[in-house]
Amino acid sequence: QVQLVESGGGLVQAGGSLRLSCAASGSIFSINAMGWYRERPGKQRELVATITSGGSTNYADSVKGRFTISRDNAKNSVYLQMNSLKPEDTAVYYCNAGSVLLISRVVEHSWGQGTQVTVSS
(Lines give C-alpha, C1' and ligand atoms only; values in the text may rest on other atoms or scores of the structure.)
Protein backbone atom coordinates (compact mmCIF):
# COMPACT_ATOMS: atom_id res chain seq x y z
CA GLN A 1 0.00 0.00 0.00
CA VAL A 2 2.80 2.41 0.95
CA GLN A 3 6.21 2.47 -0.67
CA LEU A 4 9.27 4.24 0.73
CA VAL A 5 12.16 5.06 -1.60
CA GLU A 6 15.47 6.23 -0.17
CA SER A 7 18.31 8.01 -1.90
CA GLY A 8 21.49 9.87 -1.08
CA GLY A 9 23.80 7.19 0.29
CA GLY A 10 27.37 6.76 -0.87
CA LEU A 11 31.04 6.80 0.04
CA VAL A 12 32.47 9.74 1.95
CA GLN A 13 35.63 10.45 3.91
CA ALA A 14 35.56 10.87 7.66
CA GLY A 15 34.49 14.40 8.55
CA GLY A 16 32.38 14.70 5.44
CA SER A 17 28.65 15.08 4.97
CA LEU A 18 25.79 13.27 3.26
CA ARG A 19 22.09 13.96 2.97
CA LEU A 20 19.63 11.08 2.82
CA SER A 21 16.14 11.47 1.41
CA CYS A 22 13.09 9.25 1.65
CA ALA A 23 9.80 9.73 -0.18
CA ALA A 24 6.59 7.88 0.63
CA SER A 25 3.98 7.09 -2.01
CA GLY A 26 0.75 5.17 -2.20
CA SER A 27 -2.72 5.47 -0.73
CA ILE A 28 -1.75 7.81 2.08
CA PHE A 29 -4.08 10.01 4.10
CA SER A 30 -1.36 11.29 6.40
CA ILE A 31 1.90 10.17 7.97
CA ASN A 32 2.52 10.06 11.69
CA ALA A 33 6.11 9.58 12.83
CA MET A 34 8.91 9.08 10.32
CA GLY A 35 12.41 7.99 11.10
CA TRP A 36 15.79 6.69 10.11
CA TYR A 37 17.35 3.47 11.37
CA ARG A 38 20.61 1.79 10.51
CA GLU A 39 22.25 -1.61 10.48
CA ARG A 40 25.97 -1.50 11.09
CA PRO A 41 28.04 -4.56 10.07
CA GLY A 42 27.42 -7.40 12.48
CA LYS A 43 24.90 -5.46 14.56
CA GLN A 44 21.14 -5.23 14.90
CA ARG A 45 19.07 -2.46 13.38
CA GLU A 46 19.10 0.61 15.62
CA LEU A 47 17.27 3.89 15.79
CA VAL A 48 19.10 6.92 14.42
CA ALA A 49 16.45 9.65 14.55
CA THR A 50 12.69 10.12 14.46
CA ILE A 51 10.39 13.05 13.78
CA THR A 52 6.68 13.42 14.47
CA SER A 53 4.17 15.05 12.15
CA GLY A 54 4.43 18.13 14.31
CA GLY A 55 8.19 18.31 14.01
CA SER A 56 9.32 16.93 17.38
CA THR A 57 12.60 15.08 17.02
CA ASN A 58 14.48 12.36 18.84
CA TYR A 59 18.09 11.26 18.24
CA ALA A 60 20.35 8.43 19.26
CA ASP A 61 23.07 9.69 21.58
CA SER A 62 25.73 8.64 19.08
CA VAL A 63 24.50 11.09 16.43
CA LYS A 64 23.31 14.05 18.52
CA GLY A 65 24.88 17.28 17.34
CA ARG A 66 25.98 15.75 14.04
CA PHE A 67 22.79 14.54 12.34
CA THR A 68 19.61 16.50 11.69
CA ILE A 69 16.28 14.96 10.73
CA SER A 70 13.63 16.99 8.94
CA ARG A 71 10.49 16.38 6.92
CA ASP A 72 8.28 17.93 4.29
CA ASN A 73 4.69 16.89 4.99
CA ALA A 74 3.48 18.21 1.64
CA LYS A 75 5.89 15.86 -0.14
CA ASN A 76 5.50 12.94 2.30
CA SER A 77 9.26 13.02 2.66
CA VAL A 78 11.85 12.79 5.39
CA TYR A 79 15.51 13.76 5.27
CA LEU A 80 18.64 13.07 7.27
CA GLN A 81 21.49 15.55 7.09
CA MET A 82 24.62 13.82 8.33
CA ASN A 83 27.65 15.95 9.17
CA SER A 84 31.02 15.15 10.74
CA LEU A 85 30.66 11.56 9.65
CA LYS A 86 32.76 8.90 11.35
CA PRO A 87 33.80 5.43 10.16
CA GLU A 88 31.46 3.95 12.80
CA ASP A 89 28.53 5.57 10.98
CA THR A 90 29.08 3.08 8.16
CA ALA A 91 25.81 1.18 7.79
CA VAL A 92 22.77 0.52 5.68
CA TYR A 93 20.29 3.27 6.51
CA TYR A 94 16.56 2.54 6.42
CA CYS A 95 13.63 4.91 6.31
CA ASN A 96 10.51 4.12 8.34
CA ALA A 97 7.05 5.66 8.34
CA GLY A 98 3.73 5.14 10.06
CA SER A 99 1.17 6.02 7.39
CA VAL A 100 -2.56 6.43 7.87
CA LEU A 101 -4.11 4.77 4.82
CA LEU A 102 -6.48 6.81 2.71
CA ILE A 103 -9.54 4.55 2.69
CA SER A 104 -9.31 2.38 5.80
CA ARG A 105 -7.54 4.95 8.04
CA VAL A 106 -5.49 2.02 9.38
CA VAL A 107 -1.88 2.83 10.27
CA GLU A 108 0.63 0.92 8.16
CA HIS A 109 4.26 0.78 9.19
CA SER A 110 6.60 0.65 6.20
CA TRP A 111 10.32 0.32 5.57
CA GLY A 112 12.42 1.46 2.66
CA GLN A 113 14.85 -0.81 0.86
CA GLY A 114 17.89 0.72 2.54
CA THR A 115 20.76 2.85 1.29
CA GLN A 116 24.43 2.16 1.97
CA VAL A 117 26.53 4.79 3.70
CA THR A 118 30.26 4.10 3.87
CA VAL A 119 32.63 6.40 5.73
CA SER A 120 36.33 5.87 5.09
CA SER A 121 39.00 6.80 7.60
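Starting afresh in each chain, residues are numbered from 1 along the sequence in its written order. Given that the model is predicted, a residue must reach a pLDDT of at least 70 before its local features are reported, and side-chain atom pairs must reach 80 or more before they are shown or counted; all residues, however, enter totals for whole chains, interfaces and linings. Note that water and hydrogens are dropped before the side-chain values are worked out from all heavy atoms of the structure.

Even after reading the chapter, I still don't get the state of the cysteines, so can you show me in this structure?
Simply put, the disulfide is a covalent bond whose two ends are the sulfur atoms of two cysteines. Disulfides are defined in this document as cysteine sulfur pairs within 2.5 Å. In the structure shown here, the tally under the stated rule is 1 disulfide. Disulfide partner of C22: C95, at an S-S distance of 2.1 Å. The sign of the S-S torsion, about -80°, decides the handedness of the disulfide formed by C22 and C95: left-handed. Placement of C22 in strand β3 (residues 18-26) and of C95 in strand β9 (residues 91-101) is noted, with a sequence separation of 73 residues between them. Note on exposure labels: buried denotes an accessible area under 20% of the residue type's maximum, exposed denotes more than 50%, and partly exposed covers the range between, all computed with a 1.4 Å probe on protein chains only. A residue is classified by how much of its surface remains accessible, and C22, at 2% relative accessible area, is buried. Strands are runs of DSSP state E lasting at least two residues, helices are runs of H or I lasting at least four, and both sets are numbered from the N terminus onward.

Got a minute to help me understand the packing of aromatic side chains in this structure?
For any pair of aromatic rings, geometry is given as the distance between the ring centres together with the angle between the planes. Only rings of Phe, Tyr and Trp enter the pairing, Trp through its six-membered ring, and a pair is recorded when the two centres are within 6.5 Å. The plane angle decides the type: under 30 degrees is stacked, over 60 is edge-to-face, the rest tilted. Applying the stated rule across the entire model yields 1 aromatic pair. Both rings, one in Y37 and one in W111, keep their centres 5.0 Å apart while their planes meet at 70°; by these two values the pair is edge-to-face. Of this pair, Y37 sits in strand β4 (residues 28-39) while W111 sits in strand β10 (residues 107-111), and the two are 74 residues apart along the sequence. Sitting over the ring of W111, R45 keeps its end group 4.5 Å from the ring centre. Criterion for a charge above a ring: Lys NZ or Arg CZ within 6 Å of the ring centre, and within 35 degrees of the ring normal.

How should I be thinking about the side chain of E6 in this particular structure?
Note on placement: E6 falls in strand β1 (residues 2-7). Despite its burial, E6 pairs with no opposite charge; the closest candidate is R45, at 7.6 Å N-O. For E6, the side chain forms a polar contact with the main-chain nitrogen of C95, separated by 2.5 Å. Here the side chain of E6 touches Q113 through a polar contact of 3.1 Å, landing on its backbone nitrogen. Note that His is not counted, nor are the chain ends; the positive residues are Lys and Arg, and the negative ones are Asp and Glu. We define a salt bridge as a contact between a side-chain nitrogen of Lys or Arg and a carboxyl oxygen of Asp or Glu at a distance within 4 Å. Side-chain atoms alone can form a polar contact between residues adjacent in sequence; in general such a contact is a pair of N or O atoms within 3.5 Å, and within protein one must be able to donate a hydrogen while the other accepts it.

How do you make sense of unusual backbone geometry when you look at a structure like this?
Glycine aside, residues mostly have negative phi, and peptide bonds are mostly found in the trans state. Phi is positive for S84, close to 50°, though the residue is something other than glycine. By relative accessible area, S84 is classed as partly exposed at 40%. For R105, which is not glycine, the phi torsion reads 65° and is therefore positive. Mapped onto the secondary structure, R105 falls in the loop between β9 and β10.

Any chance you could explain the sheet that holds strand β7 (residues 67-72) here in plain terms?
The strands making up a sheet are joined through hydrogen bonds of the backbone, oriented either antiparallel or parallel. Taken together, 4 strands build an open sheet; the order of strands is β1-β3-β8-β7 and the sheet is antiparallel. Sheet topology places β1 and β7 at the edges, where each strand pairs with a single neighbour. For this sheet the average axis-to-axis angle between neighbouring strands, irrespective of direction, equals 15°. The pairing criterion for strands is at least two bridges between them, as found by DSSP. Examined bridge by bridge, β1 and β3 share 6 bridges and lie antiparallel to one another. Paired with S7 across the bridge in β3 is S21. All axes are obtained by fitting lines to C-alpha atoms, using only the stretch in contact for helices, and the reported angles, taken between N-to-C directions, cover 0 to 180 degrees.

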